[in-house]
Amino acid sequence: MSKPTLGYWGLRGQAECIRYILRYTGIEWNDNQLELTMEQFNQYFGVDKPAMFERGFQLANLPYLEDGDVKLTQSVAICRYLARKHGLAPSSEAELQRCDMAEQEVMDYRTGDVIWPSR
């Protein structure tokens with residue numbers, strides 16, 4: 001079985017939660033980190049992104065995960081897939097509710113929707 005491939009820019013950003021899950025589960029993976037250069041930016045948006053549809057992705061976006069026949073984009077979708085695959089997903093309605101709330105709390109921080117009180 002081939003190793004999954006995670007593709008994202010060469011920074012933590014939206015892909016770091018995916019890397020956390022991969023490390024936690026002990027899965028070896030190919031970490032395709034794109035350089036933050038204008039040349040790589042032009043290559044990705046001009047060539048690589050349009051070619052993702054030909055490779056079987058339904059959406060062309062970063063981060064992406066290729067795991068055998070599974071081809072996903074969007075960090076939360078990838079995290080949920082990995083959680084289900086490796087037995088980390090909630091198994092009861094109560095656990096699912098807690099995970100949903102925690103996920104959205106994290107999203108609030110990531111998108112800047114949390115307002116910090118001034119000191």
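Residues numbered from 1 in each chain as written. Predicted model: local features only at pLDDT ≥ 70, side-chain atom pairs only at ≥ 80, totals over all residues. Heavy atoms only, no water.

1. What about helix H4 (residues 93–111)?
Along an α-helix, residues three or four apart share an orientation, since each turn contains 3.6 residues.
Then, number 1: With 19 residues, H4 should cover 27 Å at 1.5 Å per step; its first-to-last C-alpha distance of 27 Å lies within 8% of that length.
Then, number 2: Immediately downstream of H4, the backbone of Gly112 shows phi near 80°, a positive value. (Helix = DSSP H or I, 4+ residues; strand = E, 2+ residues; numbered from the N terminus. Expected span 1.5 Å × (residues − 1).)

2. Some points on the side chain of Asp67
Then, number 1: One can find Asp67 in strand E3 (residues 64–67).
Then, number 2: Residue Asp67 is classed as buried on the basis of its relative accessible area of 7%.
Then, number 3: One polar contact links Asp67 to Tyr81, side chain to side chain, over a distance of 2.7 Å.
Then, number 4: Side chain to side chain, Asp67 and Lys85 meet in a polar contact 2.5 Å long.
Then, number 5: Not counting chain neighbours up to four residues away, the residues in contact with Asp67 comprise Pro4, Tyr81 and Lys85. (Buried < 20%, exposed > 50% of the residue type's maximum accessible area, 1.4 Å probe, protein only. Polar contact = N/O pair within 3.5 Å; in protein donor to acceptor, adjacent residues only side chain to side chain. Contact = heavy atoms within 4.5 Å.)

3. Here's the deal with a nonpolar patch on the surface
Then, number 1: Together, Met38, Phe41 and Phe45 make up a nonpolar patch on the protein surface, roughly 310 Å² of accessible area in all.
Then, number 2: Inspection of the secondary structure assignment puts Phe41 in helix H2 (residues 38–54). (Patch = residues over 30% accessible without salt bridge, like charges linked within 9 Å, V, L, I, M, F, W, Y side chains within 5 Å. Areas by Shrake-Rupley, 256 points an atom, 1.4 Å probe, with all protein chains shown as cover. Salt bridge = Lys/Arg side-chain N within 4 Å of Asp/Glu carboxyl O.)

4. Points about the layout of surface pockets
Then, number 1: Empty space within the largest pocket amounts to approximately 660 Å³.
Then, number 2: What lines the largest pocket is a set of 19 residues, and nearest its centre among them are Ile21, Cys79, Arg80, Cys99 and Glu103.
Then, number 3: If you list the elements that add at least two residues to the lining of the largest pocket, you get helix H1 (16–25), helix H3 (75–85) and H4.
Then, number 4: Considered class by class, the residues forming the lining of the largest pocket number 14 nonpolar, no polar and 5 charged. (1 Å grid on protein atoms, 1.4 Å probe; cavity = no way out; pocket = protein on both sides within 12 Å on 5 of 7 lines; lining within 4 Å. Points joined across faces, edges and corners; volume = space filled by probe spheres on them. Nonpolar A, V, L, I, M, F, W, Y, C, P; charged D, E, K, R; others polar.)

5. A few points about the nonpolar core
Then, number 1: Formed by 20 residues in total, the largest nonpolar core has its most connected members in Leu6, Ile18, Leu62 and Leu82.
Then, number 2: Where this core is concerned, the elements lending two or more residues are strand E1 (5–9), H1, H2, E3 and H3.
Then, number 3: It is H3 that contributes the most residues to this core, 4 residues altogether.
Then, number 4: If sequence neighbours within four positions are ignored, Leu62 has contacts with Gly7, Tyr8, Trp9, Leu34 and Tyr44. (Core = buried A, V, L, I, M, F, W, Y, C linked by side-chain atoms within 4.5 Å.)

6. A few points about the sheet that holds E3
Across a sheet, paired strands are connected by hydrogen bonds in the backbone, their directions being either parallel or antiparallel.
Then, number 1: If you walk across this open sheet you meet the 4 strands as E2-E1-E3-E4, and the pairing is mixed. Looking along the sheet, the strands with just one partner apiece sit at the ends: strand E2 (30–34) and strand E4 (70–73). Ignoring which end each strand starts from, the neighbouring axes of this sheet average 15° apart.
Then, number 2: Across the sheet, H1 touches E1 and E2, and the angle it forms with E1 is around 150°.
Then, number 3: Along the sheet, H3 makes contact with E3 and E4, crossing E4 at roughly 140°. (Pairing = 2+ DSSP bridges. Axes fitted to C-alpha atoms, helices over the stretch in contact; angles between N-to-C directions.)

7. Section: the packing of H3 against H4
Then, number 1: Where H3 contacts H4, the axes come no closer than 13 Å and their chain directions differ by 150°. The angle between H3 and H4 places the two elements in the roughly antiparallel class. Both H3 and H4 take part in a crossing whose hand is right-handed. Taken together, the residues of H4 that come into contact with H3 (itself represented by Ser75, Val76 and Arg80) are Asp100, Glu103, Met107 and Arg110. (Parallel < 35°, antiparallel > 145°, perpendicular 65-115°, else oblique. Left-handed = near helix turned anticlockwise from the far one by under 90°.)

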